[in-house]
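# Structural overview for review
Here's the letter readout for the chains.
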Amino acid sequence: MSSNIYNNPQLYSELTLRIALSRLKGMTFGLAGLIESRFSSLNEFFVSDSRSISTILGTQSSKMFAREVLDMALAQAQAEEQWVRSNNVKPLYFTDPDYPTRLLDCDDAPIMLYVLGIANLNPQHVVGIVGTRHATVYGLSFITRFIQELAAAIPDLLIVSGLAYGIDIAAHREAINNSLPTAGVVAHGLSTMYPASHRKDAANMIHGNGAVITEYVHDAPVHRGNFLTRNRIVAGMSDALIVVESAAKGGALLTARVAGDYNRDVFAVPGRTNDIYSAGCNELIRKNRAAMITSASDLCDAMGWTPIKAEGTQQEIAVELSDEEKIIIDYLTTNGESFLNRMSVDLNIVTHRLIQILGEMEFNGLVISHPGGKYSNS
C-alpha cells in the first residue's frame, strides 16, 4: 500500500502515529524517546525519508525506516485504532500521564499499552504476585491471608499478576473478594482471553475497579515467547514482587530475576524442603535473591510502608476459626499428636477436605504437621 502522507500530512491521527511507531520491528523504548526528542512531531518522523531519519537521529541507516516499512506500519495502525476505539480500549503511550510511571524506569518498557478497565495504574503501592500454575493448598492459603491483611492495612493499593492458572488467578480473585483493584497483564491481544476459563474473572476485573493490560495489538495470538516478555511488565509495574510458590524452574523465577534487575524488592514465601513447589522459593531465599515473607506485616516492615491504624494502634488481622477448625483444635487438644486417617474417621470429615483444612490451619500457625501424616496443635 502506497501512502499519500506526503500530500496530506494530517491524514493520520496522533494515535495512529503512536501505534505505528510501536509496531516498527526493532523499535525500543530508548529509540522512541530519541525520536520524540529529535522530531517536532511523529508526523514529521513518518513523512521523512530513511536517510533524513538516520541523520537526525545520529544512527546508521536502517531498514526500519524504509518507506515501505513505515507505510505498512501506518496502514496496520489505522486498522488497530479503529478496533481500539470500537471496543472501549484505553491506549497508553509512554508519554501519557496515565502510563504506569514505574515502567519508565525500565529500559525495555513497552512503548504502547492497551488497557481494558478503569484501574489507576499509578497508585501509591503496587504489589506483584506470581507463582506456579500448580498452586497447592499451602500457596492458596497464603494468598487468602496475605491479601486480606494487605487490604486492611495498606491504602491505595494495586495487585498485579498475569491472569494465568494457579497463583496468578488466585491473587486476582482474592483481590476482588477484598475490593482491591487488580490488574492482569496478558500475553496476547485483547480480542481473546487465555486461558478461556478466566474470561469471567477478566470481566469482573474490567467492570470492577481493575484492568486487563497488554502490549500486543488486538489480534495478536497466544505465543509461548510472549509470556516471558509479559512477565517484565508485571515486574516493572510493581514496587514489590512476591513469589508465592515455584518449582526449581519456572516463569515465576524468571519474573523474580527481572524484578531484581529492575531494582525492585523481591520476596518469596518459604516452604518445606521436600515440597516441589516450594523449591524455587527456598532457593531464592537461600541465594539472597529474595527476602523471606510470611505476612503482610513482613512486607510493610521491609518496604517502610505505614499500615492503616485504628484507634491509635496498628490494625491486626485476627484469625477467625470456622466450626470445622474449632472441632479439629478441640480434638488435637484432647488426643494430642494424631494421624490424619484416624482424625478423618473420628471427626467424620473426608480425607481430601481434612487435608485442605489442615493445610490452611498450618499456614495460619494453628497446627503443626509431622512426618508420617501426623498433626498436633501448635
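The preceding data block contains the structure.
Notes on the structure follow. (Residues numbered from 1 in each chain as written. Predicted model: local features only at pLDDT ≥ 70, side-chain atom pairs only at ≥ 80, totals over all residues. Heavy atoms only, no water.)

## Things to note about the sheet that holds strand S14 (residues 374-377)
Overall, antiparallel pairing links the three strands, which are arranged S12-S14-S13 in an open sheet. Across the chains shown, the open sheet's two edge strands, defined by having one partner strand only, are strand S12 (338-339) and strand S13 (367-370). Both S13 and S14 contribute to a ladder of four bridges, which runs antiparallel. Note on S14: the bridge partner recorded for His370 is Lys374. Across the sheet, helix H13 (residues 323-335) touches S12, S13 and S14, and the angle it forms with S14 is around 95°. (Pairing = 2+ DSSP bridges. Helix = DSSP H or I, 4+ residues; strand = E, 2+ residues; numbered from the N terminus. Contact = heavy atoms within 4.5 Å. Axes fitted to C-alpha atoms, helices over the stretch in contact; angles between N-to-C directions.)

## Overview of the state of the cysteines
Every disulfide links exactly two cysteines, by a covalent bond between their sulfur atoms. Applying the stated criterion across every chain yields a total of zero disulfides. For Cys281, which is in no disulfide, the shortest distance to another cysteine sulfur is to Cys300 and amounts to 19 Å. Look at Cys281 and you get buried, because its relative accessible area is 0%. (Disulfide = S-S within 2.5 Å. Buried < 20%, exposed > 50% of the residue type's maximum accessible area, 1.4 Å probe, protein only.)

## Examining the sheet that holds strand S6 (residues 211-214)
What the nine strands build is an open sheet, ordered S1-S2-S6-S5-S4-S3-S7-S8-S9; its pairing is mixed. Two strands close off the open sheet at either side, each with one partner strand: strand S1 (90-93) and strand S9 (291-292). In terms of strand pairing, strand S7 (residues 240-243) meets strand S8 (residues 265-268) through four bridges, oriented parallel. The residue of S8 that forms the bridge with Ala240 is Asp265. In the packing of helix H1 (residues 14-23) onto the sheet, the strands contacted are S1 and strand S2 (112-117), and the crossing angle to S2 comes to about 120°. Running over the sheet, helix H10 (residues 251-261) touches strand S3 (125-130), S7 and S8 and is turned about 155° from S7.

## Remarks on the packing of H13 against helix H15 (residues 351-363)
At a minimum axis distance of 11 Å, the contact between H13 and H15 shows a crossing angle of 80°. Here H13 lies roughly perpendicular to H15, going by the angle between them. The residues of H15 that touch H13, namely those facing Glu324, Glu325, Ile328 and Ile329, are Arg353, Leu354, Ile357, Leu358, Glu360 and Met361. Grouping the constituent residues of the contact of H13 with H15 by class yields six nonpolar, no polar and four charged. (Parallel < 35°, antiparallel > 145°, perpendicular 65-115°, else oblique. Nonpolar A, V, L, I, M, F, W, Y, C, P; charged D, E, K, R; others polar.)

## Brief notes about the pattern of salt bridges
A complete count under the given rule lists 16 salt bridges for this structure. In this structure, Glu81 and Arg85 form a salt bridge, with 2.8 Å as the shortest nitrogen-oxygen distance. A residue pair is termed a helical-turn pair when its members lie 3 or 4 positions apart in one helix, as Glu81 and Arg85 do in helix H5 (residues 67-86) at four residues. In this structure Glu81 comes out as buried when scored by relative accessible area, which is 10%. (Salt bridge = Lys/Arg side-chain N within 4 Å of Asp/Glu carboxyl O.)

## Here we look at the packing of helix H14 (residues 340-347) against H15
Running from amino to carboxyl end, H14 crosses H15 at an angle of 110°, the nearest separation of the two axes being 10 Å. With respect to their mutual orientation, H14 and H15 come out roughly perpendicular. Relative to H15, H14 is oriented so that their crossing is right-handed. Facing H14, whose interface residues are Leu340, Met343 and Ser344, H15 presents Thr351, Leu354, Ile355 and Leu358. Along the lines of polarity and charge, the residues of the contact of H14 with H15 split into five nonpolar, two polar and no charged. (Left-handed = near helix turned anticlockwise from the far one by under 90°.)

## Some thoughts on the packing of aromatic side chains
Under the criterion given, the structure shown has seven aromatic pairs. Taken together, a centroid distance of 5.0 Å and an interplanar angle of 85° make the contact between Phe45 and Phe46 edge-to-face. An identical accessibility class is assigned to Phe45 and Phe46; each is buried. Grouped by ring-pair contacts, the aromatic residues Phe39, Phe45, Phe46 and Phe65 constitute a single cluster. (Phe/Tyr/Trp six-rings, centres within 6.5 Å; stacked < 30°, edge-to-face > 60°.)

## Some details on unusual backbone geometry
A negative phi holds for most residues other than glycine; trans holds for most peptide bonds. The peptide bond linking Tyr194 to Pro195 adopts the cis configuration, its omega dihedral lying at -5°. Of note, Pro195 is situated in the loop between strand S5 (182-185) and helix H8 (199-207). The phi dihedral of Leu163 is positive, around 55°, even though this residue is not glycine. One can find Leu163 in the loop between strand S4 (157-161) and helix H7 (167-177). With a relative accessible area of 0%, Leu163 lands in the buried category.

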